[in-house]
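This is what each chain is made of:
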Amino acid sequence: MSKKPGKRKRSQVGRTAKRPDRGAGHGDEGPFREKILRGRSNEAAVPDLPSQRELEGDVRRGRVVQLRGREATVAPDGGGPEAVCMLRKSTRMPHPGANAVVVGDRVGFLAEGDPPFVLTEVEERRTTLQRTRQGREAQVIAANVDLCVIVASAAEPSFKPRLVDRFLISARVGGVEPALVVNKADLADAADLQAMLAPYGRLGVPALSVSAETGAGMEALRELLRGKTSVFSGQSGVGKSTLLNRLDPELALRTGEVYGRQGKGRHTTTASTLVAFPFGGAVIDTPGIRSFQLAEPTLEALDAFFPEIASAAAECRFADCRHAGDAGCAVPEALERGDVNEDRLDSYLTLRREIVQGG
Ligand code: GDP
Ligand code: ZN
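Criteria and cut-off values
Residues numbered from 1 in each chain as written. Chains lettered and ligands numbered in written order. Predicted model: local features only at pLDDT ≥ 70, side-chain atom pairs only at ≥ 80, totals over all residues. Heavy atoms only, no water. Axes fitted to C-alpha atoms, helices over the stretch in contact; angles between N-to-C directions. Helix = DSSP H or I, 4+ residues; strand = E, 2+ residues; numbered from the N terminus. Parallel < 35°, antiparallel > 145°, perpendicular 65-115°, else oblique. Left-handed = near helix turned anticlockwise from the far one by under 90°. Contact = heavy atoms within 4.5 Å. Nonpolar A, V, L, I, M, F, W, Y, C, P; charged D, E, K, R; others polar. Buried < 20%, exposed > 50% of the residue type's maximum accessible area, 1.4 Å probe, protein only. Arc of directions from axis to C-beta. Near = heavy atom within 4 Å. Areas by Shrake-Rupley, 256 points an atom, 1.4 Å probe, with all protein chains shown as cover. Pairing = 2+ DSSP bridges. Right-handed = clockwise from strand over helix to strand, strands pointing away. Donors = N, O, S within 2.8 Å, 3.2 Å for Na, K, Ca; no water. Tetrahedral: all angles 85-135°; square planar, octahedral: opposite > 155°, others 65-115°.

Q: Before we move on, can you summarise the packing of helix H11 (residues 307–314) against helix H12 (residues 330–337) with the specific residues and values?
A: Following both chains from N to C, one finds H11 and H12 inclined at 125°, their axes separated by 7 Å at the closest point. It follows from the interaxial angle that H11 and H12 lie oblique. When you trace H11 past H12, the crossing you get is right-handed. Packed against H11, whose contacting residues are Ile309, Ala312 and Ala313, the element H12 presents Ala330, Val331 and Ala334 at the interface. Broken down by class, the residue content of the contact of H11 with H12 amounts to six nonpolar, no polar and no charged.

Q: Account for helix H6 (residues 218–225), naming residues and giving values.
A: Among the residues making up H6, those that are buried are Met218, Leu221, Leu224 and Leu225. In an axial view of H6, the angular spread of the buried residues amounts to 110°, which keeps them on one side of the axis. Contacts from the buried residues of H6 go to strand S8 (147–153), strand S9 (177–183), strand S10 (207–209), strand S11 (229–233) and helix H7 (240–247). Gly227, located one to two residues past H6, shows a positive phi value of around 80°.

Q: Pulling in residues and values, what's your account of the site of ligand 1?
A: As a structural note, the neighbourhood of ligand 1 is formed by 15 residues, with Asp186, Gly237, Lys240, Ser241 and Thr242 the closest of them. Notes on ligand 1: free accessible area 590 Å², of which the protein chains cover 70%. When residues in the shell around ligand 1 are grouped by element, the largest group, three residues, is from H7.

Q: Break down the pairing of S8 for me, with residues and values.
A: With seven of its seven residues buried, S8 lies for the most part within the structure. The side-chain alternation of S8 yields two buried faces, one formed by Leu147, Val149, Val151 and Ser153 and the other by Cys148, Ile150 and Ala152. One ladder, built from seven bridges, connects S8 with S9; its direction is parallel. Of the residues in S9, the one forming a bridge with Cys148 is Pro178. What joins S8 to S9 is helix H4 (residues 161–173), and the crossover it makes is right-handed. Two elements, S8 and S11, share four bridges in a ladder whose sense is parallel. For Leu147, the partnering residue across the bridge sits in S11 and is Ser230.

Q: Which residues make up the coordination of the zinc ion (ligand 2), and what are the values?
A: With distances of 2.3 to 2.4 Å, the protein atoms coordinating the zinc ion (ligand 2) are Cys316 (SG), Cys321 (SG), His323 (ND1) and Cys329 (SG). The coordination sphere of the zinc ion (ligand 2) comprises four donor atoms, whose angles at the metal cover 101 to 113°; the geometry is tetrahedral. Of the residues examined, Cys316 reaches a relative accessible area of 11% and is grouped as buried. With a relative accessible area of 10%, Cys321 lands in the buried category.

Taken by themselves, the reported measurements are silent on function.
Right under this line is the structure:
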């Protein structure tokens with residue numbers, strides 16, 4: 001509390017002149033008001049309220065693009081150089097602990113003095129990508145991801161619906177919208193590509209074919225990615241790296257730069273990085289994430305992707321049925337009637353077995 005009698009007296013004089021009914025006890029009102037506006041009330045000490053500096057507009061906003069220990073590299077909103085920032089005890093964060101700040105987090109920071117700057121706040125996350133291992137605390141790999149692009153290839157390696165289904169279900173369990181991109185369209189004919197994509201379109205999953213080699217379909221892919229934060233995943237060799245480089249020729253280079261800056265050599269490439277696309281949107285990328293499955297599939301998510309089989313299974317009269325062809329089971333009967341496709345049933349049963357047996 002400031003003790004500046006001179007100042008106080010001046011404001012008192014002004015007030016009493018207009019409102020003579022005010023007693024001397026209210027004389028503090030003027031200066032007190034002023035303190036609130038400047039964020040200097042006692043309440044500013046409560047951590048949940050904005051600090052004086054935030055009220056004064058010194059705090060900048062941005063997004064974590066890379067992490068090393070508790071040191072976060074932040075790309076400020078509206079552009080400008082990236083800022084290295086640190087978590088402090090005073091940082092407001094919704095998830096204190098090992099995953100307090102991750103790539104993709106929206107943050108506030110005070111760019112004052114020499115870096116590392118202070119993170120004032122980690123904002124609540126809309127979504128999280130997690131790596132779960134049995135018996136361990138989940139590791140959050142990235143935050144605020146909108147789209148999981150599951151990349152497959154039409155050939156070399158051959159299209160594997162089972163694997164695609166597995167990735168789709170994982171994305172759903174992980175709470176991230178999935179999309180399917182079948183690459184290497186140059187190695188297949190149009191009818192085959194159509195057959196690969198059609199079942200997913202019917203399920204409401206965005207599905208398109210592209211060729212990183214010829215550039216076919218790339219504009220539609222950009223449209224899918226624009227304005228969102230995505231991750232790419234899928235089997236090795238399907239062309240994820242080639243696609244990313246084609247989407248942004250500087251991506252490989254820039255990613256390399258960041259790794260280089262860390263000066264730690266090869267093993268730092270396991271750290272995830274957020275890279276902005278030149279056409280809007282961003283990708284959270286690491287070689288590790290590219291083959292990563294978002295979450296363990298669940299029966300619930302499996303049924304969501306195989307509604308026609310799930311509804312046949314719901315008709316089954318056996319309580320504890322595997323729906324794998326036993327006499328009297330409703331699922332083979334649906335197959336017989338043509339309500340269920342054989343390949344899809346195969347995929348469903350394989351995944352179901354995996355889920356029930358725990359992988
Ligand atoms: P990743 O493991 O999924 O990242 O796959 P890569 O990007 O390393 O690509 C694997 C191989 O597929 C490389 O030899 C690429 O040149 C090739 N490839 C990538 N995209 C295409 C494509 O659209 N058509 C053809 N024919 N080959 C491709
Ligand atoms: Zn059954």
